[in-house]
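# Reading the structure
Single-letter residue listing:
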Amino acid sequence: MIRTFVEVAAHGSFAAAAERLFVTQSAVSLRIQRLESDLGRPLFQRSKAGAELTAAGKEFERFAFGHIKLWEEAKQQIAIPEGFTKSLVIGAEHSLWPRMGFRWIDRMRRKLPDLSIRTEVGAPSTLTRFLIEGVVQSILIYTPQLRPGFQLERVMDDELVMVASWRDPQLNHINGRYLFVDWGPEFVQAHAMHLPGLTNPGLTFALGAMTVEYLLTRKYAAYVPARYIEHFLDDEQLFLVPGAPRFPYPMFHVWRDDIEDETIAVARNALNRVAYELEIQQDRVIDQLADISNEDEVHVLGEMPERGAGNDLG
C-alpha cells in the first residue's frame, strides 16, 4: 500500500501508478482506500486532472519514504552472505554496464573484499524509482533526477561517434545503410540539426552500446560510444566515418545519502578511476576521428553546422 502511495504521489495519477506497478487501476484505488482507512485521513484530492496530495498526504509522504527505506535496509542486511560485512546495491542503464559498470565492480571488490554487491539494470525512470524506494543505493545514469536524499556527481561525457562496418565509409554515402540509435531527446534534437537527411532512416534502435553487436555482422552505420569501440577499430571490424559530428553525452553517478561513508567513498573513487581510464581510451578514438577528418569538419553537440558544410545529406 505504501509503495502504491509513493507512485501515485510521484506521478499525480492512479493510472500512471498502475502502469508502473503492473497492476490494474482498480487495484491501485483499492490499496489507497485501505491506506486512507487505516490512517483515518484522505491522502489524495481526486479530480479529472489526476490526484493531488492533501495536507495529510504531504505529511505522510516523508514517513512513507522512511518506512520503505527501513524495510529495504532490513532485507539487504539479513541478505548479506556469510564472510561479508558490508553490502551495496547498484544499478545502471544497459549501455553503461559494458566497459563501465563491470570495471566499477572489479575495482570496488579489490578495495573492499568484504563488500557484497548486487546489481540491477533498467531504464532511467525505473532506476530512479528503485533509488527512491531503496531497492538500489547507487546508480549510473545518463538523465538523472535530483531528489531529496540523493547526491549526484558527473562522471564523464560519453562521446558518441559514428562508425560503419565497412572500410572507408563516407558521410555522404550513408543513406540506405544507416541505423538510428535513440540516445534520448537531446541527441535526437542535435542529430536532426546536424544530420537531417538521416533523421528517419526506417531502422531505429534504443539499445545504446549493444547496437555494436548488430553492426558487427551487418553493413550499417550508427552512433555508439567512443569508449566502447577502440578494440573494434584496432581489429578493423568497425571504421570511423570521417567528418561525422560527435555528440558528448554526460553520464552521472547518483546515490542515496544514507549509504555508509566508507562504502560510498570507495564506490565514488572506484568509479572515477574507471572513468579516467576510459576517457584516455575515448580520447584516442576522438584523435583518430580528427586525423581522418578535414580540419574543423567535425561538429559537436550544441554547435550550429556551418553553411555549406555538406552534412545535410538531403
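Predicted model, so just to flag it, every value in this text is computed and none were measured.

Tracing the sequence through the fold places R129 in helix α6 (residues 124-133). Taking relative accessible area as the criterion, R129 reaches 16% and is therefore assigned buried. When sequence neighbours within four positions are dropped, the list of residues in contact with R129 reads E7 and R20.

As a further point, take the pattern of salt bridges. Overall, the coordinates contain 17 salt bridges when judged by the stated rule. Residues R118 and E120 are paired through a salt bridge, measuring 2.6 Å at the closest nitrogen-oxygen approach. Note on E120: relative accessible area 23%, which makes it partly exposed. Residue R227 is joined to D158 by a salt bridge in which the shortest nitrogen-to-oxygen separation is 2.7 Å.

Our next topic: the packing of aromatic side chains. The tally for this structure, following the rule as stated, stands at 14 aromatic pairs. A ring pair is formed by F187 and Y223, whose centres lie 5.7 Å apart and whose planes are at 70 degrees; its orientation type is edge-to-face. Of this pair, F187 sits in helix α7 (residues 185-194) while Y223 sits in strand β9 (residues 221-225); the two residues are 36 residues apart in sequence, bridging distant segments of the chain. Take F187 and Y223: they sit in the same class, and that class is buried. Judged by centre distance (5.0 Å) and plane angle (80 degrees), the ring pair of Y223 and F247 falls under edge-to-face. Highlighted residues: Y223 in strand β9 and F247 in strand β11 (residues 247-256), separated in sequence by 24 residues. By relative accessible area, Y223 is classed as buried at 0%.

Right, let's get into the nonpolar core. One finds M100, M108, L140, V161, M162, Y223 and I229 to be the most contacted residues of the largest nonpolar core, which totals 65 residues. Sorting elements by how many residues they give to this core places helix α10 (residues 261-292) first, with eleven residues. The residues touching L140, leaving out its near neighbours within four places in the chain, are G91, A92, E93, L96, M100, W104, L127, V155, M251, F252, H253 and L271. Grouped together as the second largest cluster of nonpolar side chains are 30 residues, I2, V135, I141 and F252 included.

One ladder, built from four bridges, connects strand β1 (residues 44-47) with strand β2 (residues 50-53); its direction is antiparallel. The partner of F44 across the bridge, within β2, is L53. Between β1 and β2, which pair antiparallel one after the other, the connecting turn spans two residues.

The N-to-C vectors of helix α1 (residues 2-11) and helix α2 (residues 14-21) enclose an angle of 125 degrees; their axes lie 8 Å apart at closest approach. The pairing of α1 with α2 is recorded here as oblique in orientation. For the crossing formed where α1 meets α2, the hand is right-handed. Contacts from T4, E7, V8 and H11 in α1 reach F14, A16, A17, R20 and L21 in α2.

Confidence along the protein averages 88 in pLDDT terms, with 92% of residues attaining 70 or more. Within the protein, the lowest mean pLDDT, 78, falls on helix α4 (residues 55-78), and the highest, 98, falls on strand β10 (residues 239-240). Taken as a whole, residues 304-314 scores under 50 in pLDDT and shows 25 contacts with residues more than four places along the chain or in a different chain.

Once that is clear, we can look at the side chain of S116. Relative to the helices and strands, S116 is located in strand β4 (residues 115-121). Beyond its immediate sequence surroundings of up to four residues, S116 is in contact with P81, F84, K86, S87 and L88.

To continue, consider the environment of T126. Summarising the element assignment, T126 is placed in helix α6. When its relative accessible area of 22% is taken as the criterion, T126 is described as partly exposed. Placed 33 residues apart in sequence, T126 and E93 show a C-alpha to C-alpha distance of 9.6 Å.

The subject of this paragraph is α6. Helical geometry: 3.6 residues make up each α-helical turn, so side chains three or four residues apart lie on a common side. The buried count for α6 comes to seven of ten residues, which makes it a mostly enclosed element. Looking at α6, one finds that the buried residues are L127, T128, R129, F130, L131, I132 and E133. A positive phi of about 85 degrees marks G134, the residue just after α6.

This part takes up the pairing of β9. With five of five residues buried, β9 is to be regarded as a mostly interior element. Here β9 shows a buried face lined by A221, Y223 and P225 and a second buried face lined by A222 and V224.

Each value, and the rule that gives it
Residues numbered from 1 in each chain as written. Predicted model: local features only at pLDDT ≥ 70, side-chain atom pairs only at ≥ 80, totals over all residues. Heavy atoms only, no water. Helix = DSSP H or I, 4+ residues; strand = E, 2+ residues; numbered from the N terminus. Buried < 20%, exposed > 50% of the residue type's maximum accessible area, 1.4 Å probe, protein only. Contact = heavy atoms within 4.5 Å. Salt bridge = Lys/Arg side-chain N within 4 Å of Asp/Glu carboxyl O. Phe/Tyr/Trp six-rings, centres within 6.5 Å; stacked < 30°, edge-to-face > 60°. Core = buried A, V, L, I, M, F, W, Y, C linked by side-chain atoms within 4.5 Å. Pairing = 2+ DSSP bridges. Axes fitted to C-alpha atoms, helices over the stretch in contact; angles between N-to-C directions. Parallel < 35°, antiparallel > 145°, perpendicular 65-115°, else oblique. Left-handed = near helix turned anticlockwise from the far one by under 90°. pLDDT = per-residue confidence, 0-100.

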